[in-house]
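Structural description and commentary
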Amino acid sequence: MSLVILPILIAPIEVNFLDLTNTYTVENSVTIYASPSMVWKQLGEVELIQADEFDVTLTSLIGVPRPVKASMSAEGIGAVRTSEWERGFREVITHWEPNKKMTYSFDIDPEAIPDHALDKYVKLGGEYFSPLNGGYYLSEDSAGNTVLTLKTRLLDNTNFSVYSRVWGELIFRDFHDSLLKLMKSRSEKFTHNKSSKEDALTRAAA
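Residues numbered from 1 in each chain as written. Predicted model: local features only at pLDDT ≥ 70, side-chain atom pairs only at ≥ 80, totals over all residues. Heavy atoms only, no water.

All right, on to the packing of aromatic side chains then. Taken as a whole and judged by the stated rule, the model has four aromatic pairs. An angle of 85° between the planes, with centres 5.4 Å apart, marks the rings of Tyr104 and Phe106 as edge-to-face. For the pair Tyr104 and Phe106, one class covers both residues: buried. The interplanar angle of 55° and the centroid separation of 6.5 Å between the aromatic rings of Tyr104 and Tyr136 together place this pair among those described as tilted. Of this pair, Tyr104 sits in strand β5 (residues 101-107) while Tyr136 sits in strand β6 (residues 129-140), placing them 32 residues apart in sequence. (Phe/Tyr/Trp six-rings, centres within 6.5 Å; stacked < 30°, edge-to-face > 60°. Buried < 20%, exposed > 50% of the residue type's maximum accessible area, 1.4 Å probe, protein only. Helix = DSSP H or I, 4+ residues; strand = E, 2+ residues; numbered from the N terminus.)

Take a look at the structure:
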């Protein structure tokens, strides 16, 4: 109830004193016990995500579509990464540096997000609120593990910057957390399976 009432209470202040357009970046990171090259293999083409690979999250509880898979039309700048979120949207690659960085701009159909899922002021791709661009950034720590960072830059064109900022942060941190956990789980599983196969081949050769 407080979240519903908040925009009404702050609207007079916001309209008079705050800029109507604002952008900000949401950023999350995770350490993955796998090499950057292993993690990179999981980022472009994301195989079908099973329901049990995601925990119950805020966004799933309020009805925001969950990610299903992602596919690349090609590799490199200008390629299109189509992310299916049960009602998919597209990401157009703007920077492609294997094992280090992949950035993209969003091409979102606002109708992909159901009207009942979010308030109209924070509806993804709507006239008031939308992600603009984002990217995955990979670095290697001293132990050879990968620090994977996911960033999303958001446009807030509402008069309720505090209200929409809170929701924007919650929604995208939730998205980021789910995606990073998925990349971590798959990369580490892939690395473990590869190591097991290599060990088996070494023992067989001996």
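Within the secondary structure, Gly78 sits in the loop between β2 (69-72) and β3 (80-84). Sequence separation of Gly78 and Thr94 is 16 residues, and the distance between their C-alpha atoms is 6.2 Å. With near-sequence residues (within four places) excluded, Gly78 lies in contact with Val92 and Ile93. (Contact = heavy atoms within 4.5 Å.)

Functional significance is not addressed by these values, which are geometric in nature.
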